[in-house]
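# Descriptive analysis of the structure
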Amino acid sequence: MQSKKRVITYGTFDMFHVGHLNLLNRLAEFGDELIVAVSTDEFNALKGKKTLIPYEQRVEIVRHIKCVSEVIAEESWEQKIEDIQKYDIDIFAMGNDWEGKFDFLTPHCEVLYLPRTEDISTTELKIALNEFLQEHGAGFGV
Ligand code: C2G
């Protein structure tokens, strides 16, 4: 019996948006199961990345995305090889803003980088929200 093909990806997934969704849906096409490692708040601090949404809520959203089989914590840069072995991963994949950065994983599994979704990012969302609030006030028209 052919064993399940398992894909893994890592990310912060702050202010979950369609760029994240597109990536996860496309990754799910590459295998039978998709595992998503969500960066903890502590690891994001290490990455120098400030998040708006706390880890528990980011996990809760990703866990409920239809194509996601399992969510694990991303706590360090060093855990990927161990994760690939522990979860019997066939494909490691990221958006291509990470192109080449994880090629050291190729002895352990296939490594893919997919094109990012254009014109959307957590940073752009924050800028757009800021402009919206300046124009409409924090009262959202109330
Ligand atoms: N992404 C995308 N298109 C966008 C925005 C993001 O395809 N418009 C992808 C990124 O390329 C990444 C994933 O969505 O593969 C998650 O993006 P982030 O939450 O920004 O993740 P990041 O902070 O890059 O953390 O160990 C790896 C790191 O944890 C990745």
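Below: a short report on this structure. Quick caveat, the model's predicted, so the values are computed rather than measured.

Calculation rules
Residues numbered from 1 in each chain as written. Predicted model: local features only at pLDDT ≥ 70, side-chain atom pairs only at ≥ 80, totals over all residues. Heavy atoms only, no water. Core = buried A, V, L, I, M, F, W, Y, C linked by side-chain atoms within 4.5 Å. Buried < 20%, exposed > 50% of the residue type's maximum accessible area, 1.4 Å probe, protein only. Helix = DSSP H or I, 4+ residues; strand = E, 2+ residues; numbered from the N terminus. Contact = heavy atoms within 4.5 Å. Pairing = 2+ DSSP bridges. Right-handed = clockwise from strand over helix to strand, strands pointing away.

Looking now at the nonpolar core. Grouped together as the largest cluster of nonpolar side chains are 20 residues, with contacts concentrated most on Leu24, Leu34, Val36, Val38, Val62 and Val68. Counting only elements with at least two residues in this core, the list comes to α1 (18-28), β2 (33-39), α3 (55-63), β4 (91-95) and β5 (110-114). Here Leu24 is in contact with Thr9, Phe13, Phe16, Leu34, Val36, Val62, Ile65, Cys67 and Val68, once residues within four sequence places are set aside. Counting 15 residues, the second-largest nonpolar core is a separate cluster that includes Ile8, Ile72, Phe92 and Cys109.

With that settled, consider the pairing of strand β1 (residues 6-11). Taken across its 6 residues, β1 has 6 buried, putting it largely inside the fold. Taking every second residue as pointing to the same face, both faces of β1 are buried, with Arg6, Ile8 and Tyr10 on one and Val7, Thr9 and Gly11 on the other. Pairing of β1 with β2 involves 6 bridges; the strand directions are parallel. Across the sheet, the residue bridging to Arg6 is Glu33, located in β2. Of the crossover connections in this fold, the one passing from β1 over α1 to the parallel β2 is right-handed. Of the pairings in the sheet, the one linking β1 to β4 comprises 2 bridges and is parallel in character.

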